[in-house]
Amino acid sequence: MQRWRGLEDIPQDWGRSVVTIGSYDGVHRGHQLIIGRAVERARELGVPSVVVTFDPHPSEVVRPGSHPPLLAPHHRRAELMAELGVDAVLILPFTAEFSKLSPADFIVKVLVDKLHARAVIEGPNFRFGHRAAGNVDFLTELGRTYDYEVEVVDLFVRGAAGGGEPFSSTLTRRLIAEGDVEGAAEILGRPHRVEGVVVRGAQRGRELGYPTANVETLPHTAIPADGVYAGWLTAGGERMPAAISVGTNPQFDGTERTVEAYAIDRVGLDLYGLHVAVDFLAYVRGMAKFESVEALLDAMATDVKRARELTAEYDA
């Protein structure tokens, strides 16, 4: 899959293509319907499929300080899109200047002049251009002028998550913030992932017999509510069952919120400086301060046992 950053990265000889545009944060099951249809239509027409997305999130430019927690960084979104069969991903730097493009100028500069769109696949609520003035009706209207078709795909999927609310990135963020990682996984179609580099912490886990990878998460990452979780730690291409702690470590009066993962039954791991991924499978318990270190150790042993059982059950 080709990856481009900015319009200037698009090959000069790029021909017709099928395009879909959106933030697609998380590439959840609703997003997968739209992206999947774009891939399908591209194959029907015998042309490549392109996903256009933005960095940073448009809200951060339009309303500074309002950047939502991210469900997946851009490289992860690209990986997920590649799995869906997408041929190219274009990340457009979203600047103040870019935000002022009228809907018509956006269509001409991006869809017509650069991507030579043969078809555009979007959800019903797609908005674009300055002040989000463009919609699918306008997109369709200009398609008659610039020789591209528009297809609208309903991205709304419902399930048990969120009490039956339509699946969305907003709902997914809320469930993660509440610690409902199982509900988030229903929407995403996979466990929620947090990534970052392993850094040195207080090393109390090592002293207690449970050495953890202290993950310095990427900016704006959607991090689950404080508590203990079952999941996996992936490092160097190896996926290991893990007990995961999120919080400030109240047992030792900590103040910094961290994500720490203990790779179950693994001895002698040296992960410092490595970029790792932590996947959250299930909530085990809330964060608590125990009466003694011995009581904490008992709880940790129980946590690890439960995490081992849950991950084994999932992989069975």
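Residues numbered from 1 in each chain as written. Predicted model: local features only at pLDDT ≥ 70, side-chain atom pairs only at ≥ 80, totals over all residues. Heavy atoms only, no water.

A. Representation of the overall build of the protein within the structure. A count of helical and extended segments in the protein gives 10 helices and 12 strands. By the burial criterion, 48% of the 316 residues in the protein qualify as buried. If you take every contact in the protein between residues at least 6 apart in sequence, the share linking residues at least 24 apart comes to 71%. Averaging the coordinates of the 33 positive side-chain charges in the protein and doing the same for the 44 negative ones gives two points 2 Å apart. (Helix = DSSP H or I, 4+ residues; strand = E, 2+ residues; numbered from the N terminus. Buried < 20%, exposed > 50% of the residue type's maximum accessible area, 1.4 Å probe, protein only. Contact = heavy atoms within 4.5 Å. Lys, Arg positive; Asp, Glu negative; His and termini not counted. Charge placed at Lys NZ, Arg CZ, Asp CG, Glu CD.)

B. Seen up close, the domain arrangement of the protein. Each assigned domain of the protein is listed here: domain 1 (2–155) and domain 2 (192–315). Taken over C-alpha atoms, the centre of domain 1 sits 36 Å from the centre of domain 2. With 8 residues of domain 1 at the interface, the matching set in domain 2 holds 9 residues. Summed over both partners, the interface of domain 1 with domain 2 comes to about 650 Å²; 54% of that surface belongs to carbon and sulfur atoms. For the pair domain 1 and domain 2, the interface holds 0 salt bridges. (Domains from an automatic or database assignment. Buried area = accessible area lost by both parts, 1.4 Å probe. Salt bridge = Lys/Arg side-chain N within 4 Å of Asp/Glu carboxyl O.)

C. Representation of the side chain of Ser49 in the model. Along the polypeptide, Ser49 turns up in strand S3 (residues 49–55). In this view, Ser49 contacts Val18, Ala38, Val39, Ala42, Gly85, Val86, Asp87 and Ala88; residues no more than four positions away in its chain are not counted.

D. A look at the sheet that holds strand S9 (residues 227–235). Spatial strand order, S7-S8-S11-S10-S9-S12: 6 strands in a closed barrel with antiparallel pairing. Averaged over neighbouring strand pairs, the angle between their axes works out to 45 degrees when direction is ignored. Bridge analysis of S9 against strand S10 (residues 238–247) gives 9 bridges, and the strand direction is antiparallel. Of the residues in S10, the one forming a bridge with Thr234 is Arg239. With respect to the sheet, helix H10 (residues 293–315) is in contact with S9, S10, strand S11 (258–263) and strand S12 (275–285), its orientation differing from that of S12 by roughly 105 degrees. (Pairing = 2+ DSSP bridges. Axes fitted to C-alpha atoms, helices over the stretch in contact; angles between N-to-C directions.)

E. Layout of the environment of Ala312. Along the chain, Ala312 falls in helix H10. Once the C-alpha coordinates of Ala312 and Pro241 are considered, the two residues, 71 residues apart in sequence, prove to be 8.1 Å apart.

F. Structural context of the pairing of strand S6 (residues 149–152). With 4 bridges joining them, strand S5 (residues 117–122) and S6 adopt parallel strand pairing. Looking at S6, one finds that Ile121 is bridged to Glu151. The handedness of the S5 to S6 crossover, carried by helix H6 (residues 136–146), is right-handed. (Right-handed = clockwise from strand over helix to strand, strands pointing away.)

G. Structural view of the nonpolar core. If you look at the biggest cluster of nonpolar residues, it comprises 29 residues, and the most contacted ones within it are Val50, Leu90, Leu92 and Leu115. At the level of secondary structure, the elements contributing two or more residues to this core comprise strand S2 (17–21), S3, strand S4 (88–93), helix H5 (103–112), S5 and H6. If one sorts the elements of this core by residue count, H5 sits on top with 5 residues. Among residues more than four places away in sequence, those in contact with Val50 are Trp4, Trp14, Ser17, Val18, Val19, Thr20, Ala88, Leu90 and Leu115. In this structure, Val181, Leu233, Ala263 and Val278 belong to the second largest nonpolar core, which totals 20 residues. (Core = buried A, V, L, I, M, F, W, Y, C linked by side-chain atoms within 4.5 Å.)

H. Region of interest: the sheet that holds S3. The sheet built from 6 strands is open, its strands ordered S1-S4-S3-S2-S5-S6 with parallel pairing. At either margin of the open sheet sits one strand with a lone partner, and together these are strand S1 (2–5) and S6. Pairs of neighbouring strands in the sheet enclose a mean axial angle of 25 degrees, with direction left out of account. The pairing of S2 with S3 spans 4 bridges and is classified as parallel. By the bridge assignment for S3, Val19 is matched with Val50. Of the strands in this sheet, S1, S3 and S4 touch helix H3 (residues 74–83), which is tilted by about 165 degrees from S3. Across the sheet, H5 touches S2, S3, S4 and S5, and the angle it forms with S2 is around 130 degrees.

I. Examining the pattern of salt bridges more closely. Tallied over the entire structure, the rule returns 21 salt bridges. One salt bridge in this structure joins Asp265 and Arg308, with 3.0 Å as the shortest N-O distance. Here the residue Asp265 occupies a position in the loop between S11 and S12, and Arg308 occupies one in helix H10, the gap between them amounting to 43 residues. Through salt bridges with shared partners, one network takes in Arg37, Glu40, Arg41, Glu44, Arg118, Glu149 and Glu151.

J. A look at the packing of H5 against H6. Orientation of H5 relative to H6, taken along the N-to-C sense of each, is 55 degrees, at an axis distance of 11 Å. Relative to H6, the element H5 is oriented oblique. The way H5 lies across H6 gives a crossing that is right-handed. On H6, the residues touching Pro103, Ala104, Ile107, Val108, Leu111 and Val112 of H5 are Phe138, Leu139, Leu142 and Tyr146. Broken down by class, the residue content of the contact of H5 with H6 amounts to 10 nonpolar, no polar and no charged. (Parallel < 35°, antiparallel > 145°, perpendicular 65-115°, else oblique. Left-handed = near helix turned anticlockwise from the far one by under 90°. Nonpolar A, V, L, I, M, F, W, Y, C, P; charged D, E, K, R; others polar.)

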